[in-house]
Amino acid sequence: MQYNNLLDNKTILITGGTGSFGKCFTKYVLKNYNPKKIIIYSRDEFKQFIMQNDMKEYADKLRFFIGDVRDKERLARALNGVDYVIHAAALKQVPACEYNPNEAIKTNIHGAMNVIDACLDSGSVKKVVALSTDKAVNPVNLYGGTKLVSDKLFVAANAYSGTCDINFSVVRYGNVAGSRGSVIPFFKNIIDKGGRELPITDYRMTRFWISLTQGVELVIKALAEANGGETFISKIPSFKITDLAQAMLPGCEMPEVGIREGEKLHEIMVTVEDSLTTYEYEKHFIVYPQMVWNDKQQIIPGGKKVEEGFSYSSGNNTWWLTIPEIQELLKDVDLEA
Ligand SMILES: NC(=O)c1ccc[n+]([C@@H]2O[C@H](COP(=O)([O-])OP(=O)(O)OC[C@H]3O[C@@H](n4cnc5c(N)ncnc54)[C@H](OP(=O)(O)O)[C@@H]3O)[C@@H](O)[C@H]2O)c1
């Protein structure tokens, strides 16, 4: 655990707190810190009921608010006395966002605007961290497009902080190993049904490997270190999808079935254009905003500016997982129901 006492006696609100990230973050914080209160903000009472039951031993620390990020008044009420906000609520299924574009825009963009306004107006919130995704980088689908706009809103929100002691930052990572709709549960389903071949959309395809806990730790780093406007990106290993297939079903046939609409060959985290304002640290990168709005924005010490033209993607990574390493990591993967 890092940053001793960082969250002790703090009140933290998580939008989308019943989601995969929210549950993992909540458990991690309750295990490692002594927060005053964690407020779970989301719409579905059933998911809240289940979470409340699963975490009974922490009942005195947890509060469950039914609310929608589209509802600014409700957000304002929920933020009363809150110190830190993690914005994790989103519509994130690519096909659902394509088919329901207005809904994706209302939740991912209008919701982001509401969270920012409510935090700025709260008078108590000091730090806000919003979750981003590799799909927001050079987006090719509406989900990525809405998350790109959301990232821009959170970075630019620092320009409106005025004399308030509040900062906004972003944490970006790719598909979490084992998350719903990702390749590991897809292959596992085929294997469980007795399949002997694992289809590969393109033999060149690569991905980053990140666990939910690593995502949570990056958010805690952002809470601890951000001055405002940073996008934090972990340095993590890559793997080839063909190696994942061989790790899960050694010796299997791997028919190449063709890339799907809206699918990228590699997960991109830092673009060549971002390289102008990107710094490399021991365990992460930070993309700083190209605009400077106030003197609160500062480069965090300990980093080195990357070369112009640098980019960071799962395809050009220098750290690769071998098949035995993938097999080891697979033992700890929690598959989402
Ligand atoms: N999972 C991944 O692999 C991954 C990778 C990179 C980035 N991310 C980002 O990480 C964040 C969290 O992802 P996740 O995997 O935890 O998602 P998730 O499991 O689908 O959870 C989404 C959460 O948001 C809530 N929510 C949805 N719409 C809402 C609204 N209008 N108002 C309030 N709450 C709402 C949901 O609860 P209700 O439906 O009950 O409201 C749920 O608690 C997202 O921003 C996502 O873009 C995820």
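Q: Before we go on, may I ask you to explain the packing of helix α7 (residues 183–192) against helix α9 (residues 241–248) in this structure?
A: Angle between the axes and distance between the axes: these two values describe a pair of packed helices. Packing of α7 against α9 leaves a shortest axis separation of 11 Å and a crossing angle of 40°. Taken as axis vectors, α7 and α9 run oblique relative to one another. Like other packed secondary-structure pairs, α7 and α9 cross with a definite hand, here right-handed. Judged by residue contacts, Val183, Ile184, Phe187, Lys188 and Ile191 of α7 engage Ile241, Leu244, Ala245 and Met248 from α9. Of the residues assigned to the contact of α7 with α9, the class counts are 8 nonpolar, no polar and 1 charged.

Q: In this structure, what is going on with the nonpolar core? I would like to understand it.
A: Side chains of nonpolar character tend, in soluble globular proteins, to be buried together. Residues Phe21, Phe25, Ile86 and Val171 are the most contacted members of the largest nonpolar core, which totals 48 residues. Apart from residues lying up to four places away in sequence, Val171 is in contact with Val129, Ala130, Leu131, Ser132, Leu218, Val219, Ala222 and Phe232. Counting 26 residues, the second-largest nonpolar core is a separate cluster that includes Tyr41, Val82, Val128 and Val170.

Q: What should I look at first to understand the site of the ligand in this one?
A: Residues in contact with the ligand amount to 28 residues; listed here are only the nearest, Thr18, Lys47, Lys92, Tyr143 and Lys147. Between the ligand and Thr18, the relevant distance is 2.7 Å, taken from an oxygen atom to a side-chain nitrogen or oxygen of the residue. For the ligand, an oxygen atom lies 2.7 Å from a polar atom in the backbone of Asp44. About the coverage of the ligand: the protein hides 94% of its 900 Å² of free accessible area. Looking at the shell around the ligand, the elements that each hand over two or more residues are α1 (20–32), β5 (127–133) and α6 (142–156). With 3 residues, β5 is the largest single contributor of residues to the shell around the ligand. Residues that form the shell around the ligand fall into these classes: 9 nonpolar, 12 polar and 7 charged.

Q: Explain the packing of aromatic side chains to me, please; I cannot follow it from the model alone.
A: The relation between two aromatic rings is expressed through the spacing of the ring centres and the mutual angle of the planes. By the definition in use, this model includes 9 aromatic pairs. Taken together, a centroid distance of 5.4 Å and an interplanar angle of 85° make the contact between Tyr279 and Tyr288 edge-to-face. Residue Tyr279 shares its accessibility class with Tyr288, and that shared class is buried. Each ring, one from Phe285 and one from Phe310, has its centre 5.3 Å from the other, and the planes form 40°; the classification is tilted. On the criterion of sequence distance, the pair formed by Phe285 in strand β12 (residues 284–287) and Phe310 in the loop between β13 (304–305) and β14 (312–313) is long-range, its members being 25 residues apart. A residue is classified by how much of its surface remains accessible, and Phe285, at 3% relative accessible area, is buried. Members of the aromatic cluster, joined through ring pairs, are Phe208, Phe285, Phe310 and Tyr312. Against the face of Phe285 rests Lys235, its NZ or CZ located 5.4 Å from the ring centre. Over the ring of Trp320 we find Lys240, and its NZ or CZ is 5.8 Å from the ring centre.

Each value, and the rule that gives it
Residues numbered from 1 in each chain as written. Predicted model: local features only at pLDDT ≥ 70, side-chain atom pairs only at ≥ 80, totals over all residues. Heavy atoms only, no water. Axes fitted to C-alpha atoms, helices over the stretch in contact; angles between N-to-C directions. Helix = DSSP H or I, 4+ residues; strand = E, 2+ residues; numbered from the N terminus. Parallel < 35°, antiparallel > 145°, perpendicular 65-115°, else oblique. Left-handed = near helix turned anticlockwise from the far one by under 90°. Contact = heavy atoms within 4.5 Å. Nonpolar A, V, L, I, M, F, W, Y, C, P; charged D, E, K, R; others polar. Core = buried A, V, L, I, M, F, W, Y, C linked by side-chain atoms within 4.5 Å. Buried < 20%, exposed > 50% of the residue type's maximum accessible area, 1.4 Å probe, protein only. Near = heavy atom within 4 Å. Polar contact = N/O pair within 3.5 Å; in protein donor to acceptor, adjacent residues only side chain to side chain. Areas by Shrake-Rupley, 256 points an atom, 1.4 Å probe, with all protein chains shown as cover. Phe/Tyr/Trp six-rings, centres within 6.5 Å; stacked < 30°, edge-to-face > 60°. Lys NZ or Arg CZ within 6 Å of the ring centre and 35° of its normal.

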